[in-house]
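Letter by letter, the chains look like this.
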Amino acid sequence: MALPPLDSIVDVNSEYTRTVIDSNRPLRVATFNVERGYYLEKVLKELVIADVDVLLLQELDIACKRTGEVDVVKELAMALNMGGVFITEFEELDDPVRGDRRAGGGVHGNAVLTRLPIRSNSSGFFRHSPQYDWETNGYSEGQPRGGGRVSLWIDIEVNKSIVRCVTTHLENKCGILGRVRQFAEMLPTLFSVDGDSKSFDAMVIGGDLNTLNHGVVRFDFFSQPGDRLRFSTIGLSEAEWWSRNVFQTADGRNLYNEIDELSDLKEGLTLAQRLRDPFDKTTGYTMDSQTNWTLWARSFLYNGKLDWILCTHGTDPLLTISAKSIIETGGSDHCLLLVDFAMK
């Protein structure tokens, strides 16, 4: 099996049967970190039940030994009659240090799948600045690999409108400010319309933002190196901190004026305030403890909102949220997030 190279967008199931949404029904969008595809049958079962129009996916394996050398992206797309795009995040090097559970030999990455028409030549990707050096530190982590975090998007056609659909996966091995940088630095590119103000009408960003630095994780100096906000944010989960400081700042506040490390991100941090996530930042936990006993045990000590679905908002938005849900599938260490958007 030929492996998708880094920085190359791969078309997935281009022969899928396009669906047109009735103007009276909502657009259903889901985000799901499928944990490489370890439990692919469970993932597929839940996605069939969920009956979604757009899937924003992270951590999909292609040809890795740990998941039976299966092309997880193709399996999902064919079973769900969806088309879309995939991009490699990491080349998972084949090395004995990985052991069976992490065995590599292939790649894993992110995908956007849909059953709706995709606008021609609308796909794009953004390779994030490295906030952790996986190529140097991968062996000590038991995961030798090449590559780095990446976001991917396509534009879909819905009722004569264009919706930009983005999947993203931010770094877990860094602190809060590293993740904020990765998120904010891509927004000017995502909102860019190349001089055409009608390039798209609304945007949805879904993914695993790894907003995990709270609770007992504050004391994990190994997995969250160099996070100078680990104790100054006590009293808030990382998701709550993002909601108050990145997406819904008050009284004209903005992080680029308050934190020196983010002073060069004025445009991106300003654009971030045009995005909203509908889920509760305190109790909307997205870690799924069903997949193994260690996650079940850990959930008594730690939980959090790691996954997000963000949409553009404003005085006259194209998309308004009509329903939302968080579903434990038992098919991943992350929950499946669903949002129904009513459209004008």
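These notes cover the structure that comes with them. (Residues numbered from 1 in each chain as written. Predicted model: local features only at pLDDT ≥ 70, side-chain atom pairs only at ≥ 80, totals over all residues. Heavy atoms only, no water.)

Let's talk about the pairing of strand E5 (residues 107-114)
Here is the key point about a regular strand: its side chains alternate between the two faces of the sheet. A large share of E5 lies buried, amounting to eight of its eight residues. As judged from the seven bridges shared by strand E3 (residues 54-62) and E5, these two strands associate in the antiparallel manner. Looking at the pairing, aspartate 61 lines up with histidine 108 of E5. Both strand E4 (residues 83-92) and E5 contribute to a ladder of eight bridges, which runs antiparallel. Looking at the pairing, isoleucine 87 lines up with asparagine 110 of E5. (Buried < 20%, exposed > 50% of the residue type's maximum accessible area, 1.4 Å probe, protein only. Helix = DSSP H or I, 4+ residues; strand = E, 2+ residues; numbered from the N terminus. Pairing = 2+ DSSP bridges.)

So, the packing of aromatic side chains
The tally for this structure, following the rule as stated, stands at eight aromatic pairs. Relative to phenylalanine 247, the ring of tryptophan 242 has its centre 6.0 Å away and its plane inclined at 40°; by these criteria the two rings are tilted. Taken as a pair, tryptophan 242 and phenylalanine 247 share a single burial class, namely buried. Through a chain of ring-to-ring contacts, three or more aromatic side chains come together here, namely Phe183, Trp242, Phe247 and Trp308. (Phe/Tyr/Trp six-rings, centres within 6.5 Å; stacked < 30°, edge-to-face > 60°.)

Some words on the pattern of salt bridges
For the structure shown, the criterion picks out 20 salt bridges. Among the ionic pairs, aspartate 94 bridges to lysine 65, the shortest N-O distance being 2.8 Å. Of this pair, aspartate 94 sits in the loop between E4 and E5 while lysine 65 sits in the loop between E3 and helix H2 (72-80), and the two are 29 residues apart along the sequence. Notably, a salt bridge pairs glutamate 238 with arginine 179, separated by 2.9 Å at the nearest N-O pair. Taken together, the residues span a long stretch of sequence, with glutamate 238 in helix H5 (residues 238-247) and arginine 179 in helix H4 (residues 176-191) at a distance of 59 residues. For glutamate 238, a relative accessible area of 1% puts it in the buried group. (Salt bridge = Lys/Arg side-chain N within 4 Å of Asp/Glu carboxyl O.)

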